Amino acid sequence: MRQEQHGTTGRRGTGTASTGPTGAGAVLAGYPEAADKASLRRTNLSVMLRHLRENGAQSRTHLAAATGLPKATVSVLVADLIERGLVREGAPDRAGAVGRPHRMVELDGRWICGVGAEIGPDHITVLALDLRGTVVHEDRRALDVPTLTPQAALREVADQVADCLSAVADLGMHAIGVTLVTQGSVDTASGTVAVATNFGWRDVRAVHELRARLGRHAPPVLVENDAESGALAEYLAAPSADVRELVYVTGGIGVGGASISGGKLIRGSEIGHMRLDRLDRPCACGRTGCWEVAVGLQAFLDAAAAPSDRVHDLSVDLADRLDDLLGRADAGEPRTLAALAALADDLALGLGILVDVLNPPRIVLGGYFAVFGRYLVNAAQRALDDRRITPAPGRVLVTASTLGLSNAARGGAHLALEGIFQDPSDVPVRPEPADEHAWSH
Ligand SMILES: [Zn+2]
């Protein structure tokens, strides 16, 4: 497999290829100038496959209209993708058809999956997606990561990934890549976690460690930041042609953010460390007054429950503890509701700055913020509406992620699959469509 696909969702949005009149250009514009016949074919296969991912099943006529390619070329490209097991023919398109109905073409790739392995402060989530974005394996295990050495924590990740690889192999699927998703700043090129303050990690060669433990026959391993992976998952989960720009803000022990603009992932924002804590409390990063000290999970748990309360018990999975608190809020428990109201205020403070700087049409709240979406979204929306300077159009819409706590792992699995969308010709033609073991490197 080519390795340069690593972490570069931005390729969806940088380039020159014309993509026709459908408005899909923002997403499909990410292709290099085709220098020769082979690369032109590669580019066109990629355009087709991405268009099917973004827009769902299409007839060849629609594909031709949407991509600006001649219909004869589209038919040849579709035949090629079918041979590689990446698309299949679906139901006939009868809408508005005159004469013989066209057969719809849709993504297939049920035999291929990408794996995302998210390591958080208190859990590891490993999730596999097939090419259509369907979850084929999901496994979340509690782990107190800050108490372990990086090597010990990555050993746990490797064990869980190995279990996943064997589970998908049992399903007759081929895992094409693994993305390790972690907090903090990562160097995707060298596969290093530069700093993850909440784990106490510095310059951890995470990809190297994971590869060594998974063995030579494991698929390629990448590393990506959790907010960036989460933003990608939100983007790809959005209804087609609905969301092309968004800011994603995820809440956990740390607070991370990433944005997608013009179909391009914007990396590297340290929004959790904007100086916004009204109490100027110390932060794990060494500074004081960081936003994540105010809106991070620990501050919320401290505000919502006494120290002896079971919601502080790290041996209980976070999802269960949050569910417990959500139940209390729904039952009208005053301390939980007060904590949520304070959280909404502090959240709106930082979101207001993001809106001033980035002016996104949409903000998606992820992580534990999404769990309490019904208590946070409307309050944040009101606060952002109130502080608008002019009633001009372009109001930001606040929503909560619907992907749950596994959304960063899901984004990692999407990233692992990205190489196929970049270059479908990398996938060998399958000798027998039913042969699940046709893949060879
Ligand atoms: Zn900080």
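Residues numbered from 1 in each chain as written. Predicted model: local features only at pLDDT ≥ 70, side-chain atom pairs only at ≥ 80, totals over all residues. Heavy atoms only, no water.

Engineer: Any chance you could break down the nonpolar core for me, citing the residues and the numbers?
Structural biologist: Core analysis: the biggest nonpolar cluster contains 39 residues, and Val249, Trp291, Phe300, Leu351, Leu365 and Phe369 have the highest contact counts within it. The element contributing the most residues to this core is helix α11 (residues 334-358), with 8 residues. Beyond its immediate sequence surroundings of up to four residues, valine 249 is in contact with Val255, Gly256, Gly257, Ile271, Trp291, Leu351, Leu354, Ile363, Val364, Leu365, Gly366 and Phe369. (Core = buried A, V, L, I, M, F, W, Y, C linked by side-chain atoms within 4.5 Å. Buried < 20%, exposed > 50% of the residue type's maximum accessible area, 1.4 Å probe, protein only. Helix = DSSP H or I, 4+ residues; strand = E, 2+ residues; numbered from the N terminus. Contact = heavy atoms within 4.5 Å.)

Engineer: Give me the lowdown on a nonpolar patch on the surface, citing residues and values where you can.
Structural biologist: A cluster of nonpolar residues, Ile353, Val357 and Leu358, forms a patch on the protein surface that exposes about 260 Å² of accessible area. By the element assignment, valine 357 lies in helix α11. The class of valine 357 is exposed, set by a relative accessible area of 63%. (Patch = residues over 30% accessible without salt bridge, like charges linked within 9 Å, V, L, I, M, F, W, Y side chains within 5 Å. Areas by Shrake-Rupley, 256 points an atom, 1.4 Å probe, with all protein chains shown as cover. Salt bridge = Lys/Arg side-chain N within 4 Å of Asp/Glu carboxyl O.)

Engineer: Account for the coordination of the zinc ion, with residues named and values stated.
Structural biologist: The protein atoms that coordinate the zinc ion are His273 (ND1), Cys283 (SG), Cys285 (SG) and Cys290 (SG), at distances spanning 2.0 to 2.3 Å. In this structure, the zinc ion is surrounded by 4 donor atoms whose angles at the metal cover 105 to 112°, and the resulting shape is tetrahedral. Read N to C, the donor residues that coordinate the zinc ion are spaced as H-x9-C-x1-C-x4-C. With a relative accessible area of 9%, cysteine 283 lands in the buried category. (Donors = N, O, S within 2.8 Å, 3.2 Å for Na, K, Ca; no water. Tetrahedral: all angles 85-135°; square planar, octahedral: opposite > 155°, others 65-115°.)

Engineer: Tell me about the sheet that holds strand β13 (residues 255-261), and name the residues and values.
Structural biologist: Strand order in the open sheet made by the 5 strands is β14-β13-β12-β15-β16, with mixed pairing throughout. Because the sheet does not close on itself, it has two edges, and the strands there are β14 (264-266) and β16 (397-400). Sheet twist, expressed as the mean angle between neighbouring strand axes with direction ignored, is 25°. Note that strand β12 (residues 246-251) and strand β15 (residues 362-367) share 5 bridges and pair parallel. Bridge pairing in β15 links threonine 250 to glycine 366. (Pairing = 2+ DSSP bridges. Axes fitted to C-alpha atoms, helices over the stretch in contact; angles between N-to-C directions.)

Engineer: An account of the pairing of strand β5 (residues 123-130) is needed here, citing residue identities and associated values.
Structural biologist: By the criterion of burial, β5 is predominantly enclosed, with 8 of the 8 residues buried. Judged by which residues are buried, β5 turns out to be covered on both faces: His123, Thr125, Leu127 and Leu129 on one side and Ile124, Val126, Ala128 and Asp130 on the other are all buried. Note that strand β4 (residues 112-120) and β5 share 8 bridges and pair antiparallel. Note that in β5 the partner of glutamate 118 across the bridge is threonine 125. Counting the residues between successive antiparallel strands, the hairpin from β4 to β5 contains 2 residues. Sheet topology places β5 next to strand β6 (residues 135-142); 7 bridges connect them, and they run antiparallel. Note on β6: the bridge partner recorded for leucine 129 is valine 135. Linking two consecutive strands that pair antiparallel, namely β5 and β6, is a turn of 4 residues; a positive phi of about 90° is found at glycine 133 within it.

Engineer: Before we move on, could you go through the pattern of salt bridges and cite the residues and values that matter?
Structural biologist: A side chain of one charge can pair with a side chain of the opposite charge if their charged atoms are brought near each other. Overall, the coordinates contain 23 salt bridges when judged by the stated rule. Between aspartate 80 and arginine 84 there is a salt bridge, and its shortest N-O distance comes to 2.5 Å. Among the residues examined, arginine 84 registers a relative accessible area of 11% and is labelled buried.

Engineer: Can you break down the sheet that holds β6 residue by residue, with the values?
Structural biologist: An order of β6-β5-β4-β7-β11 is seen for the 5 strands of this open sheet, with the pairing classed as mixed. Each edge of the open sheet is held by one strand with a lone partner, namely β6 and β11 (221-225). In this sheet, neighbouring strand axes are inclined to one another by 20° on average, regardless of whether the strands run parallel or antiparallel. Relative to the sheet, helix α14 (residues 407-422) contacts β4, β5, β6, β7 (174-182) and β11, its axis offset from that of β4 by approximately 140°.

Engineer: Give a detailed account of the packing of aromatic side chains, specifying residues and quantitative values.
Structural biologist: The geometry of two aromatic rings is summed up by the distance between their centres and the angle between their planes. On inspection of all chains with the given rule, the structure shows 5 aromatic pairs. A connected cluster of aromatic rings, assembled from ring pairs, spans Phe300, Tyr368, Phe369 and Phe372. Taking the ring centre of phenylalanine 421 as reference, the NZ or CZ of arginine 53 above it sits at 3.9 Å. (Phe/Tyr/Trp six-rings, centres within 6.5 Å; stacked < 30°, edge-to-face > 60°. Lys NZ or Arg CZ within 6 Å of the ring centre and 35° of its normal.)

Engineer: Account for the packing of helix α2 (residues 37-55) against α14, with residues named and values stated.
Structural biologist: The contact between α2 and α14 brings their axes to 8 Å, and the two run at 130°. One finds that α2 runs oblique with respect to α14. Across from Ser46, Leu49, Arg50 and Arg53 in α2, the residues of α14 making contact are Glu418, Ile420, Phe421 and Gln422. (Parallel < 35°, antiparallel > 145°, perpendicular 65-115°, else oblique.)

Engineer: Talk me through the side chain of aspartate 423; I want residue IDs and the actual numbers.
Structural biologist: Secondary-structure assignment places aspartate 423 in the segment after α14. Overall, aspartate 423 belongs to the buried group, its relative accessible area being 4%. A distance of 2.5 Å separates polar atoms of two side chains, one belonging to aspartate 423 and the other to serine 425. (Polar contact = N/O pair within 3.5 Å; in protein donor to acceptor, adjacent residues only side chain to side chain.)

Engineer: Summarise the environment of isoleucine 420; cite the residues concerned and give the values.
Structural biologist: Looking at where isoleucine 420 falls in the secondary structure, it is placed in helix α14. Sequence-wise, isoleucine 420 and leucine 131 are 289 residues apart; in three dimensions their C-alpha atoms are separated by 8.8 Å. Those residues within four positions of isoleucine 420 in sequence are excluded, and the remaining contacts are Leu49, Leu86, Ile112, Leu131, Ile176 and Val427.

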